[in-house]
Amino acid sequence: MKKIFLFMLLYVPFMVWAQTDKVYLIKTGRLFDSEVAQFKTGLDIIVKNGRIDDVKADKDIPTAEREKYTLIDLSAFTILPGLIDVHTHLLYKEELLPNRDFSSESLVKRLTMEGDAYRAIYGAVRAKAYLEAGITSVQDLGNSGKFADIALRKAINENLVPGPRMSCAGQGLASEGGQLPGLIYEHRDIANDEYRIVSGVDDARQAVRENITQGANVIKIYSNNTPNKTALSVEEMSAIVKEAHRYGVRVTAHATDDHAVYNAVISGVDGIEHGYEIADSTLMLMAKKKVILVPTDLDKVTFTNYLKIAAPNVKDVDAQITKYQKSPTDRLQRAIKFGVTIAYGSDDYIDMKMPLAEPSKRILIAYHEEGVAIPQVLQFATLNSARQINHSALLGVIKKSYLADIIAVDNSIDKDINAILNVRFVMKGGVIYVNKQ
């Protein structure tokens, strides 16, 4: 009984969704089956009480039965499960300046000059934009001050603001300094406003308990603190993983180089964020231990925008793009070759002067530019991402008993990944948020 009660405490914050009494019959043009990564035709979706009640062949539904439903005719579109971005920072934005390091100065400015009220408003606006772009679930991985992400999740669950389902990390667990290089000792405590600074194995366990008590349903750790040189030890990370798993909570690790990835993997983490440099041996270990990789790569358009703002004097942009994409492409292809599960995460926090939520979805375009077929890219963003947030029994697939998170895009999606940018219909939990037929 105690285990059931604990499960409900962890599960309920993510499970609250808007209810609807309407029963819908959604007529599809094509339906993406994420379990087999195939587009199927001739299927209808029945939605009842916020869930998928059934998926049937259109020809098998008699006229008399159709009269019981509210019809949504999406036969001109391709239907997908709602997208799941497993690496977001909805309440965080960094300003990009020409020829300057943005990572420390911008964050300190926001911590000391903007405050939680601005963050709350900004986060609510971005949450709405994400949902309307077809991203019906996210995993928010810190950089939200002291649990502002969990407050945003509560507001969404209470229907105060529209937004995606949120899995929340609270404060990321990091070693001394977090990712704030250059803080003089007198002001080192500023890092504690953004990160939970861990000192030793016992404190690592306590940090997990603090986050879970505040409502976190994922623990995010920093296996390295780039650009700072400090890093959590394997002993600290192992203690974090063991404590989190005791409560049924997954752990995912920021890790950018092979050493950091390897240390996180042998510590028992469930996911690796970024993983820009990973050796073959480490990728094979990840596959063996079923550790999910979340590549946060940029597509050509986003990287071009980055260069225009951050490096306006660069002459040969195409050469820079080719150089940039070489390494992530190699890493992603090797990961797939060795059997590592890939999930979709954007790490969308830099202000690229683009419409809200577009940088997130452009990560999917980046995967395709790196040689991944479109059906597999869509599988990353649905089935695999649901696994990464520990909700593979509820999300990421359109089939009976799953939550009715459903989006529609143009039928060109099988040949043109850019169709993902133009979402025509969004339903979350049986509630319609976008309907541009």
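On a predicted model such as this, the values are computed, not experimentally measured, just so you know.

Asker: Give me the packing of aromatic side chains: which residues, what numbers.
Answerer: On inspection of all chains with the given rule, the structure shows 7 aromatic pairs. An angle of 80° between the planes, with centres 5.4 Å apart, marks the rings of Y195 and Y222 as edge-to-face. Of this pair, Y195 sits in strand β10 (residues 195-197) while Y222 sits in strand β11 (residues 218-222); the two residues are 27 residues apart in sequence, bridging distant segments of the chain. With respect to burial, Y195 and Y222 carry one shared label: buried. An aromatic cluster of three or more residues is present, and its members are F303, Y306 and Y324. Against the face of F39 rests R30, its NZ or CZ located 4.9 Å from the ring centre.

Asker: Describe a nonpolar patch on the surface, listing the residues and the values that go with them.
Answerer: Nonpolar side chains collect at one region of the surface, where I121, V125 and L356 lie side by side and expose about 270 Å² of accessible area between them. When you line up the elements, I121 lands in helix α4 (residues 115-132). Under the relative-accessibility criterion, I121 is labelled exposed at 59%.

Asker: For the pattern of salt bridges, give the residues involved together with the corresponding values.
Answerer: The final tally for this structure, using the stated rule, is 26 salt bridges. Between D297 and R331 there is a salt bridge, with its nearest N and O atoms 2.8 Å apart. On the criterion of sequence distance, the pair formed by D297 in the loop between β14 (292-294) and α10 (300-310) and R331 in helix α11 (residues 317-337) is long-range, its members being 34 residues apart. R424 is the partner of D410 in a salt bridge, and the nearest nitrogen-oxygen pair spans 3.1 Å. With D410 in strand β15 (residues 406-410) and R424 in strand β16 (residues 423-428), this pair connects stretches of sequence that are 14 residues apart. Classification of R424 by relative accessible area gives partly exposed; the value is 22%. Connected through salt bridges with shared partners, the residues K27, D44, D58 and R66 form a single ionic network.

Asker: Which residues make up the nonpolar core, and what values do they have?
Answerer: Residues I219, I221, I240, V269, I272, M286 and Y344 are the most contacted members of the largest nonpolar core, which totals 89 residues. Non-local contacts of I221, meaning those with residues more than four positions away in its chain, are made with L173, L232, M237, I240, V251, T252, A253, H254 and V269. Listed in part, the 20 residues of the second largest apolar core include L31, I72, A404 and F425.

Asker: Could you give an account of the side chain of H87, with specific residues and numbers?
Answerer: Its place among the elements puts H87 in strand β6 (residues 83-88). If sequence neighbours within four positions are ignored, H87 has contacts with Q139, L141, K220, E273, H274, V294, T296, Y344, G345, S346, D347 and D348.

Asker: Let's hear about the pairing of strand β3 (residues 43-48): which residues, and what values?
Answerer: With respect to burial, β3 is a largely interior element, 5 of its 6 residues being buried. In terms of strand pairing, strand β1 (residues 23-33) meets β3 through 5 bridges, oriented antiparallel. When the bridges of β3 are listed, Y24 appears paired with V47. Both β3 and strand β4 (residues 51-57) contribute to a ladder of 6 bridges, which runs antiparallel. Bridge pairing in β4 places V47 opposite I52.

Asker: Which residues make up the sheet that holds strand β7 (residues 135-140), and what are the values?
Answerer: Across the sheet, which stays open at both edges, the 3 strands sit in the order β6-β7-β8 with parallel pairing between neighbours. Two strands close off the open sheet at either side, each with one partner strand: β6 and β8 (165-168). Within the sheet, the average angular offset between the axes of one strand and its neighbour, ignoring direction, is 15°. In terms of strand pairing, β6 meets β7 through 4 bridges, oriented parallel.

Asker: Got a sec to walk through the environment of P359? Specific residues and values, please.
Answerer: Its location among the elements puts P359 in helix α12 (residues 358-369). On the accessibility criterion, P359 (12% relative accessible area) is buried. Aside from chain neighbours lying at most four places away, what touches P359 is D348 and M354.

Asker: Pulling in residues and values, what's your account of helix α13 (residues 374-388)?
Answerer: Since the α-helix turns once every 3.6 residues, residues separated by three or four places project in the same direction. Spanning 15 residues, α13 covers 20 Å between terminal C-alpha atoms, matching the ideal 21 Å at 1.5 Å per step. The sharpest bend along α13 comes to roughly 40°, located at F380. Taken across its 15 residues, α13 has 13 buried, putting it largely inside the fold.

Asker: Which residues make up the environment of I417, and what values do they have?
Answerer: Along the chain, I417 falls in the loop between β15 and β16. On the basis of relative accessibility, which here comes to 3%, the residue I417 falls in the buried class. Along the sequence, I417 and Y367 sit 50 residues apart, while their C-alpha atoms lie 9.8 Å from each other. Those residues within four positions of I417 in sequence are excluded, and the remaining contacts are L364, I365, H368, I374 and V377.

Asker: So, the pairing of strand β12 (residues 250-255): which residues are in play, and what are the values?
Answerer: Taking burial as the measure, the 6 residues of β12 include 6 buried ones, the bulk of the element. The two faces of β12 match: R250, T252 and H254 on one face and V251, A253 and A255 on the other face are all buried. Pairing of β11 with β12 involves 5 bridges; the strand directions are parallel. Bridging across to β12, Y222 finds its partner in H254. On the question of chirality, the crossover connecting β11 to the parallel β12 by way of helix α7 (residues 234-246) is right-handed. Bridge count between β12 and strand β13 (residues 271-274): 4 bridges; the pairing is parallel.

About the criteria used
Residues numbered from 1 in each chain as written. Predicted model: local features only at pLDDT ≥ 70, side-chain atom pairs only at ≥ 80, totals over all residues. Heavy atoms only, no water. Phe/Tyr/Trp six-rings, centres within 6.5 Å; stacked < 30°, edge-to-face > 60°. Helix = DSSP H or I, 4+ residues; strand = E, 2+ residues; numbered from the N terminus. Buried < 20%, exposed > 50% of the residue type's maximum accessible area, 1.4 Å probe, protein only. Lys NZ or Arg CZ within 6 Å of the ring centre and 35° of its normal. Patch = residues over 30% accessible without salt bridge, like charges linked within 9 Å, V, L, I, M, F, W, Y side chains within 5 Å. Areas by Shrake-Rupley, 256 points an atom, 1.4 Å probe, with all protein chains shown as cover. Salt bridge = Lys/Arg side-chain N within 4 Å of Asp/Glu carboxyl O. Core = buried A, V, L, I, M, F, W, Y, C linked by side-chain atoms within 4.5 Å. Contact = heavy atoms within 4.5 Å. Pairing = 2+ DSSP bridges. Axes fitted to C-alpha atoms, helices over the stretch in contact; angles between N-to-C directions. Expected span 1.5 Å × (residues − 1). Bend = angle between axes of the 7 residues up to and from the residue. Right-handed = clockwise from strand over helix to strand, strands pointing away.

By themselves, these observations are geometric and do not establish any function.
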